[in-house]
Amino acid sequence: MGQYVLEVKNTTKDFTGVRALDDVSFNVKNGEIIGLIGENGAGKSTLLKVINGIFPTGTFEGKLLIHDEEVNFHSPHDALRKGIGFVSQEINVMEDLNVAENIFVGHLAGDKKPFIKQDEILKKAAKFLKEKKINLEVKTRVRMLSIGQKQLLMIARALSWDPHILILDEPTSALAKDDVDNLFELMREFKASGKSVVLVTHKLEEIISLTDRVVILRDGVNIDTYERKHYNEGRIVTNMVGRTIKSMYPTRNVQIGEEILRVENLTVAHPKIKDKNLIENISFNLKRSEVLGLVGLSGSGRTETLQTLFGQYPLLSGKIFVNGKNTRIRNEGDAINNGLCLVTEDRKENGLLMLSNIRHNIVLSNLRKIMNGLFINNKKENDVANTYMSRLNIKAQNNNTMVATLSGGNQQKVVLAKSLNTDPKILLLDEPTKGIDVGSKNEIYNLINAMTGMGISIIMVSSELPELLAMCDRFIILAHNTTVDELSKSEATQENVMVKCFA
Amino acid sequence: MSDLESKKNKIKNTGLTIVKKIFSIQEVSIIIPVLALLILATIINPMFVHPLNLAAIARRMSMWGLVAIGEALIILTGNFDVSVGAMVAFICVFFSAAGAIWQLPLIVAILLSILLAITMSTISGFCIVKLKINPILTTIAMAFICRGLSKALTNAHFVVFAPAKGSEGFLKFGQAEPLSLSWNFFIFIAFIIIFQIILKKTDYGRKLYATGDNSNVARLAGINTDIIKISTFIISGTLIGIASVLLVAKEAVGSSNYGTGWEILAIAAVAIAGISLVGGAGSMIGLLIGVIMMQCIYNILILLQINQHMQSILLGVIMILSVIIDLKRRNRILGSKLE
């Protein structure tokens, strides 16, 4: 057996028009923890999906070797059987099964036995969790677990297959301090038993304290690999970012005005879980031309707060004041009529009509604007669409281009155009730069500044803390589905914010 | 010289783009197989293109075609209704009974029947949209209820309409053959045109497409998608009511066996029409072509003296094929960006 448990050789993966991986090679030795870092969009997720069989063999160029033997994965299950345990960043559990069933799903009955024995599974799971020092109760219905516990559960599930390699994609982003320590311990033990861990993370301190080697990806290219003894924080960061990003976040010089929105003690019942609240006692205010950041871990209630403001959940209690007036927002139509507009995180699920062209997407949010009596006026429609296309610099042949053929950045601009077309006073942005390239991000930041210049106020949610810190005037900290603190721009540093989020 | 050449090229290019444009229109891709089918049918049996046969096709299709319009709108917004055939039977029986047995004035009987159809259809819509019950389950249940009601009202038989007040003129209207066609045919075409304009030219049409394409997006754009979805059931109910009244006018009886298989005919026509079976795409002109095609296939099978059981099998095969074509088309539009 050679020294490598996994070798990825000269892998190239193209999406329509975008090269996500360009001739990337990546090796994992037996018994090491290897870090994989890079900016969003650097190709980390794509590389993991290649290793994990989500992109089946044949959809990319290059070779995969496990223990010096070439393998062809047709599905994630193939990868699992070959000893690759993958824990995705997104929570991916069966909410209505218990912990034990979730751990052993896929091999519940054991090998080649036809029936499932419930008590055996519970016993096996309890023993397994004790062995791995994972603190979960086997009979608990998974719906009742916190995000962090679900993350641990997913790790336990991957371990239950007894893998050679454990791939963890940002495993600590939702974990509390104790759980993080436990997880690190678990990774070290795993390594001590001669197996390997691939750790994908944005946190440099995790790389420094845990890994034996670190591989840096940038724009789909393998930039560099460092051995532990050559670790140098500054150089890793420079390599990762690859260019000066001083101008990444454009400065804004806008006079912030009077209060335009105030929410008091917003509480919303969880639509699926009894006696649980989606958000609790959320209070904050927003001023004209201000960019307000809602900061919190995923699952802290940030997205839900935006959705509630947009009328997607009925209030259990609390009040919303728009321009000082107590306002009831029962549905999305009410929200739009009151000058609010929501840009959602997921373009495909919630952002665009994928079967339609740019024009139809942009005008949809405000059909009244283009009506001429009973009928749609083609000229008005074209005018509206073309105005926004040029104002937002949407790159396409014309407004007839199908949105499905656009790049992520241009799609996001169509989503923004659609929102601006409602003539909003308050724009709710949920992860406005998720999954788009650096250039488009910069354009979106410029657009945010331009909008505040027009008197629009913005509430922004983002998982990228640097972006949030740079773009917002003020910060509301959310934790455990409620507002816990407020920070001014000068108070908000990366450390400061993270400490409050975990409080 | 070069001027002339560039002009020639320009003409050639515009010619090409026109051809390209024609072929990129969705309806064209449906017309071609229809034409092929018609030619094939004529070769097999020259009787097919006899004006009387073509007129018969036109008359027959306009009945269930009306119902297919409603079905198309329901499918456009991402729902389904498999109860339309049974509902036609129930409304026909109810209408006949209202006129002939309960002796209600004709206009009252007509309005009551249409109102009843709207009510039944809206109940389905409400269960699907508000109570979030699976559309197929809901409408299968509704189909059983309607079929059962029609059998109960008639003892699994039929009601003769003739004793109804004012039935003479009414039946005359139903059985008239203007231009060898029928008034039904013109009513059907009128509705096709009206709904084509509604779909393509009004905000309501845009809202229908948006709701069917992605109801999350539509809702975020401030569209009340629940109301849009239920409205398609209301329209469908109205059309079912009108079709039922017209059917009784033509046949002079209300039978509990009416409408059998109409839902499948309608759905198949919708699928052939290129109205995506998961919502969001298609047009009424496409539907018209789909309806013509289904009726032609039926007619050809009869001319070929293929028995009913075989017809039913072929209908099933056609449906599956059209669904596959629909999925392929959808995937092509969405491209490889779907991960």
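Residues numbered from 1 in each chain as written. Chains lettered and ligands numbered in written order. Predicted model: local features only at pLDDT ≥ 70, side-chain atom pairs only at ≥ 80, totals over all residues.

**Digging into the overall build of chain A**
Part 1 of the argument: Tallying secondary structure elements over chain A gives 17 helices and 22 strands in all.
Part 2 of the argument: If one aligns the C-alpha atoms of chain A with their principal axes, the spans along those axes are about 75 × 50 × 50 Å.
Part 3 of the argument: By the burial criterion, 44% of the 503 residues in chain A qualify as buried.
Part 4 of the argument: Residue pairs at least 24 apart in sequence account for 67% of intrachain contacts in chain A once pairs closer than 6 positions are excluded. (Helix = DSSP H or I, 4+ residues; strand = E, 2+ residues; numbered from the N terminus. Buried ≥ 20, exposed ≤ 12 C-beta atoms within 10 Å, placed from the backbone. Contact = placed C-beta atoms within 7 Å.)

**As for the interface of chain B and chain A**
Part 1 of the argument: Counting residues at the interface gives 21 residues for chain B and 27 residues for chain A.
Part 2 of the argument: Elements with a contribution of two residues or more to the side of chain B that touches chain A: helix 9 (203-213), helix 10 (215-220) and helix 14 (308-334) of chain B.
Part 3 of the argument: Its residues assigned to classes, the side of chain B that touches chain A comprises 7 nonpolar, 8 polar and 6 charged. (Nonpolar A, V, L, I, M, F, W, Y, C, P; charged D, E, K, R; others polar.)

**Some thoughts on helix 8 (residues 183-201) of chain B**
All names here are of chain B.
Part 1 of the argument: Here helix 8 spans 27 Å end to end across 19 residues, near enough to the 27 Å set by a 1.5 Å rise per residue.
Part 2 of the argument: What helix 8 keeps buried is the set Asn184, Phe185, Phe188, Phe191, Ile192, Phe195 and Leu199. Within helix 8, the buried residues cover an arc of 125° as seen down the axis, which keeps them to one side. Looking at helix 8, the residues exposed on the side facing more than 90 degrees away from the buried face are Ala190 and Ile194.
Part 3 of the argument: Against helix 3 (51-76), helix 9, helix 11 (225-251) and helix 13 (284-303) lie the buried residues of helix 8. (Expected span 1.5 Å × (residues − 1). Arc of directions from axis to C-beta.)

**Things to note about the domain arrangement of chain A**
Where interface size is quoted, it is often the accessible area lost as the parts come together.
Residues and elements named next belong to chain A.
Part 1 of the argument: You can read the domains of chain A as domain 1 (4-241), domain 2 (259-339 + 424-502) and domain 3 (355-422).
Part 2 of the argument: A straight line from the C-alpha centre of domain 2 to that of domain 3 covers 26 Å.
Part 3 of the argument: When its residues are assigned to classes, the side of domain 2 that touches domain 3 shows 6 nonpolar, 2 polar and 2 charged. (Domains from an automatic or database assignment.)

**Observations concerning the pairing of strand 20 (residues 457-461) of chain A**
Residue and element names in this part refer to chain A.
Part 1 of the argument: Taking burial as the measure, the 5 residues of strand 20 include 5 buried ones, the bulk of the element.
Part 2 of the argument: Here strand 20 shows no split at all, with Ser457, Ile459 and Val461 on one side and Ile458 and Met460 on the other all buried.
Part 3 of the argument: Strand direction decides the pairing type here: strand 19 (residues 426-430) and strand 20, joined by 5 bridges, are parallel. Its bridge partner being in strand 20, leucine 427 is matched across the sheet by isoleucine 458. (Pairing = 2+ DSSP bridges.)

**Description of helix 12 (residues 262-272) of chain B**
Part 1 of the argument: Among the 11 residues in helix 12 of chain B, 10 count as buried, and that is most of the element.
Part 2 of the argument: Where helix 12 of chain B terminates, the next one or two residues include glycine 274 of chain B, which has phi positive at roughly 80°.

**Observations regarding the packing of helix 3 of chain B against helix 13 of chain B**
Residues and elements named next belong to chain B.
Part 1 of the argument: Across the interface, helix 3 lies against helix 13 with an axial gap of 8 Å and an inter-helix angle of 130°. One way to sum up the angle between helix 3 and helix 13 is to call them oblique. Between helix 3 and helix 13 lies a crossing of right-handed hand. Touching Asn53, Ile57, Arg60, Met61, Gly65, Ala68, Ile69 and Ala72 of helix 3 are Leu287, Val291, Ile292, Gln295, Cys296 and Asn299, all from helix 13.
Part 2 of the argument: Residues of the contact of helix 3 with helix 13, tallied by class, amount to 9 nonpolar, 4 polar and 1 charged. (Axes fitted to C-alpha atoms, helices over the stretch in contact; angles between N-to-C directions. Parallel < 35°, antiparallel > 145°, perpendicular 65-115°, else oblique. Left-handed = near helix turned anticlockwise from the far one by under 90°.)

**Describing unusual backbone geometry**
Part 1 of the argument: In this model, aspartate 23 of chain A sits at a positive phi of 55°, which is unusual for a non-glycine residue.
Part 2 of the argument: Within the secondary structure layout, aspartate 23 of chain A lies in strand 2 (residues 18-29).
Part 3 of the argument: A count of 14 C-beta atoms within 10 Å places aspartate 23 of chain A in the partly exposed class.
Part 4 of the argument: With a phi angle near 55°, glutamine 305 of chain B is a residue other than glycine that sits in the positive phi range.
Part 5 of the argument: Within the secondary structure, glutamine 305 of chain B sits in the loop between helix 13 and helix 14.

**As for the sheet that holds strand 21 (residues 474-479) of chain A**
Residues and elements named next belong to chain A.
Part 1 of the argument: In spatial order, the strands read 16-19-20-13-21-22; together these 6 strands make up an open sheet with mixed pairing. Bordering the open sheet on either side are strand 16 (340-343) and strand 22 (482-488), each of which pairs with just one other strand. Strand after strand, the sheet turns through a mean of 20° between neighbouring axes, direction not considered.

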